[in-house]
Amino acid sequence: MKLRIIKFLEDHRGEFISGELLANQLGITRAGVWKNILSLRQDGYKIKSVPKRGYMLENDSDLLTEEGIKANLNLNSKITKIICLDKIDSTNNYAKKLALQNADNGTLIVANSQTGGRGRQGHKFISPPGTGLYMTLILRPSVNISEFQMITIAAAVSVCRSIEDLCGETGITKIKWVNDIYMRERKISGILTEAVTNFENGEIESVVTGIGINVTTENFNESAGNAGSIFEAGNKIKFTRNKLAARISDYLINYAEDLSNPEIINFYRDRSFLIGHDITYMKNNLQSFGHVISIDEYGGLEIINNSGEKEILRSGEVFTVRKND
């Protein structure tokens, strides 16, 4: 019942809903409504009550909870379990332990903060409490090692589509190959995908896909570089972290079942800000220069290098980006 009430209040966030309407919608007494409202307040939800007006979930209420995520999943969602933590070293570390214990496909771990958040190439991901979404989804896709990068591609598409869906704006996100999401030319999200592999047959037994997103984060240290948030200071918050976690999870688990779906790579190419640009990149610990011409069907970066030869970058890191005039 709490789940149904918070779902109704979230759908009408910022509006007063009468106790009578809630009772009628949910098939309980007004006393039952009040009892559940008290319980939700104890959980940390900011719910205002005014006589003769009813109850309102306040706009700045953004408590990350299992119930709040469940309330925003698709009706036939394939997410099987949600674990919501206040603080953890890394949601990926936690997820890998669960994966080794045979956790189900679709197990979602979310945290309000991380003490050891990390990204690719050993980079730190700053994860302060209450302002970001730090999540990892355990997947058991039928893919081999050669297709592994497509899971990160699918995760990036899931993040971009979810933000654009919930903001109601198309084309506001950009992707820097392979795993960084940008808004307003600032990095707001990073993705780290790790696999548990059967080396005898080359098949991936399980995948943990970690996603860190700055939702309202304002204070970054120097190591964060050109970091930003979805909602920067002064911008109206349009959706909660619960809603964002649910939307991303539903997209990603569905994409993981069919990584050859052309919708994934087409969207990824469309949001890429590297195509058509000159870049500096690292490959095999060597710095190189090239011009990006496309992204192939497996997510590899197609480059014309300084020698005029075409090469495909499947691992490495892109640094400086310069538009080719």
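Here we summarise the structure given alongside this text.

**Comments concerning the overall build of the protein chain**
Scanning the protein chain from terminus to terminus reveals eight helices and 14 strands. Over its C-alpha trace the protein chain gives a radius of gyration of 21 Å, about what one expects of a compact globule, namely 20 Å for 325 residues. Along the three orthogonal principal directions, the C-alpha set of the protein chain runs to about 75 × 45 × 35 Å. Residues counted as buried form 49% of the 325 residues belonging to the protein chain.

**Some thoughts on the pattern of salt bridges**
Throughout the structure, instances matching the rule amount to 19 salt bridges. Residues E66 and K70 are paired through a salt bridge, measuring 2.9 Å at the closest nitrogen-oxygen approach. Highlighted residues: E66 and K70, both in helix 4 (residues 66-70), separated by four residues, approximately one helical turn. With a relative accessible area of 28%, E66 lands in the partly exposed category. We note a salt bridge from R271 to D270, for which the minimum N-O separation is 2.2 Å. For R271, a relative accessible area of 6% corresponds to the buried category.

**Things to note about the packing of aromatic side chains**
A full pass over the atoms with the stated rule returns four aromatic pairs. Judged by centre distance (6.3 Å) and plane angle (25 degrees), the rings of W34 and Y55 are stacked. Highlighted residues: W34 in helix 3 (residues 30-43) and Y55 in strand 2 (residues 54-57), separated in sequence by 21 residues. Classification of Y55 by relative accessible area gives buried; the value is 11%. Aromatic side chains Y251 and Y255 sit 6.0 Å apart centroid to centroid with 15 degrees between the ring planes, which places their arrangement in the stacked category. Here Y255 and Y251 lie together in helix 7 (residues 241-256), a separation of four residues that amounts to about one turn. Directly above the ring of F267 sits R271, whose terminal nitrogen or CZ lies 4.2 Å from the centroid.

**Structural notes on the pairing of strand 2**
Two strands pair when backbone bridges link them, and strand 1 (residues 47-50) and strand 2 are joined in this way by four bridges, in the antiparallel orientation. What sits directly across from V50, in strand 2, is G54.

**Quick look at unusual backbone geometry**
Excluding glycine, residues mostly carry a negative phi; peptide bonds, for their part, are mostly trans. Residue V178 is reached from W177 by a cis peptide bond, and omega for that bond is 5 degrees. You can see V178 is positioned in the loop between strand 6 (174-176) and strand 7 (180-183). Phi angles above zero are rare outside glycine, and K52 is one such case at about 70 degrees. Along the polypeptide, K52 turns up in the loop between strand 1 and strand 2. A positive phi angle, near 50 degrees, is found at R184, a position not held by glycine. With respect to the helices, strands and loops of the structure, R184 is situated in the loop between strand 7 and strand 8 (186-198).

**What to know about the side chain of T152**
In this structure, T152 sits in helix 6 (residues 149-167). A relative accessible area of 8% places T152 in the buried class.

**Examining the pairing of strand 12 (residues 301-305)**
Of all five residues in strand 12, four are buried; the element is thus mostly enclosed. In the sheet, strand 11 (residues 286-295) pairs with strand 12 via five bridges, with the strands oriented antiparallel. Across the sheet, the residue bridging to V292 is I303, located in strand 12. Between strand 11 and strand 12, which pair antiparallel in sequence order, lie five residues; one of them, G299, sits at a positive phi of approximately 90 degrees.

About the thresholds
Residues numbered from 1 in each chain as written. Predicted model: local features only at pLDDT ≥ 70, side-chain atom pairs only at ≥ 80, totals over all residues. Heavy atoms only, no water. Helix = DSSP H or I, 4+ residues; strand = E, 2+ residues; numbered from the N terminus. Rg over C-alpha atoms; globule rule 2.2 N^0.38 Å. Buried < 20%, exposed > 50% of the residue type's maximum accessible area, 1.4 Å probe, protein only. Salt bridge = Lys/Arg side-chain N within 4 Å of Asp/Glu carboxyl O. Phe/Tyr/Trp six-rings, centres within 6.5 Å; stacked < 30°, edge-to-face > 60°. Lys NZ or Arg CZ within 6 Å of the ring centre and 35° of its normal. Pairing = 2+ DSSP bridges.

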